[in-house]
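Residue-level structural notes
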Amino acid sequence: MSVPVKIRDLEKSYGRYPALKGVSLDVAAGELVALLGPSGSGKTTLLRTVAGLEQAETGNVFFGDIDASQLSLRERRIGFVFQHYALFRHMTVLDNVAFGLRARPRATRPSDQVIRARAMDLLGLVQLDGLEGRYPTQLSGGQRQRVALARALAIEPRVLLLDEPFGALDAKVRKDLRKWLRDLHQRTGHTTLFVTHDQDEAFELADRVAILNKGVIEQVGPAAEILERPATAFVASFVEGIARPETRPLARDGSVIRIARAH
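Residues numbered from 1 in each chain as written. Predicted model: local features only at pLDDT ≥ 70, side-chain atom pairs only at ≥ 80, totals over all residues. Heavy atoms only, no water.

**Re the overall build of the chain**
Helices and strands together make up the secondary structure of the chain, namely nine helices and ten strands. In terms of principal-axis extent, the alpha carbons of the chain reach across some 55 × 45 × 35 Å. Counting every position in the chain, which comprises 263 residues, the buried fraction comes to 48%. Counted over contacts in the chain with a minimum sequence separation of 6, partners at least 24 positions apart contribute 67%. Split by element, the accessible area of the chain, about 12500 Å² in all, is 50% carbon and sulfur. (Helix = DSSP H or I, 4+ residues; strand = E, 2+ residues; numbered from the N terminus. Buried < 20%, exposed > 50% of the residue type's maximum accessible area, 1.4 Å probe, protein only. Contact = heavy atoms within 4.5 Å. Areas by Shrake-Rupley, 256 points an atom, 1.4 Å probe, with all protein chains shown as cover.)

**Some points on the sheet that holds strand β10 (residues 216-221)**
Taken together, the six strands give an open sheet; going across it, the order is β6-β7-β8-β3-β9-β10, and neighbouring strands pair in mixed fashion. Strands with a single pairing partner mark the edges of an open sheet, and in this sheet they are β6 (78-81) and β10. The sheet shows a mean angle of 20° between the axes of neighbouring strands, taken without regard to direction. Packing against the sheet, helix α5 (residues 141-154) makes contact with β6 and β7 (159-163), and its axis sits at approximately 170° to β6. (Pairing = 2+ DSSP bridges. Axes fitted to C-alpha atoms, helices over the stretch in contact; angles between N-to-C directions.)

**Regarding the sheet that holds strand β2 (residues 17-27)**
Strand order in the open sheet formed by four strands is β2-β1-β4-β5, and the pairing between neighbours is antiparallel. Looking at strand neighbours, the two that pair on one side only are β2 and β5 (66-67), the edges of this open sheet. The sheet contact formed by strand β4 (residues 58-63) and β5 spans two bridges and is antiparallel. Note that in β5 the partner of F62 across the bridge is D67. Here helix α1 (residues 43-51) sits on the sheet in contact with β1 (5-14), β2 and β4, set at roughly 115° to β1.

**Some remarks on the pattern of salt bridges**
Throughout the structure, instances matching the rule amount to ten salt bridges. Between R178 and D198 there is a salt bridge, and its shortest N-O distance comes to 3.3 Å. Taken together, the residues R178 in helix α6 (residues 171-188) and D198 in the loop between β8 (191-196) and α7 (199-205) connect sequence positions 20 residues apart. A relative accessible area of 18% places D198 in the buried class. E204 is the partner of R178 in a salt bridge, and the nearest nitrogen-oxygen pair spans 3.2 Å. With R178 in helix α6 and E204 in helix α7, the pair connects residues that are 26 residues apart, well separated along the chain. (Salt bridge = Lys/Arg side-chain N within 4 Å of Asp/Glu carboxyl O.)

Dropping the structure here:
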């Protein structure tokens, strides 16, 4: 079940370098929010802190009413998709997808039959039917990324986190996967945060975009609002030249998303 995410006053430094400076952000249950900004802006640190892979010096992350800082990494039940897939090369596609379920403690682990059925259902969802017996090296980059996403969904995550999910793919594959991911999100409804440095990707995919700069969120809002009314000089400069959205429905009701092309 999707839950809202509340990020409150996160501070994180690496030595003398402040990566996050009092960052706060609300993500509604079932919302897809992009973390966008230049290199070093703090977007990946913020994502990893939500996941529990980094520990903030101060501040809190809540999943619904639960303070996630009180939960272990396993208890947070995060689905995390990395840029370079992080698939197990010695495992089949099916075994990769099933890994998180099989790694559960015996008391909460489903039966082998249930795990296989869940993995097969997810492979159908990500349009990889019939490839369950292959190994990652036998798949294209786009197919490997779909396997990584299916594996993240298998554990029924509270929150789905994507770190530059299409960064290792070529332009055409990235464009195809954007639409596919948006359609998948509308079907599954997971609360999702994804990091990208690609402005077109963020504005095309997300319900809202959070623009970071030097560890601070400069503006949060839907694409049209940010592009038409940038809140700071940095945001205005950062989005300069991006095509204005012709239509950008905020409801996740299957509406067609159209992005105007620059002329």
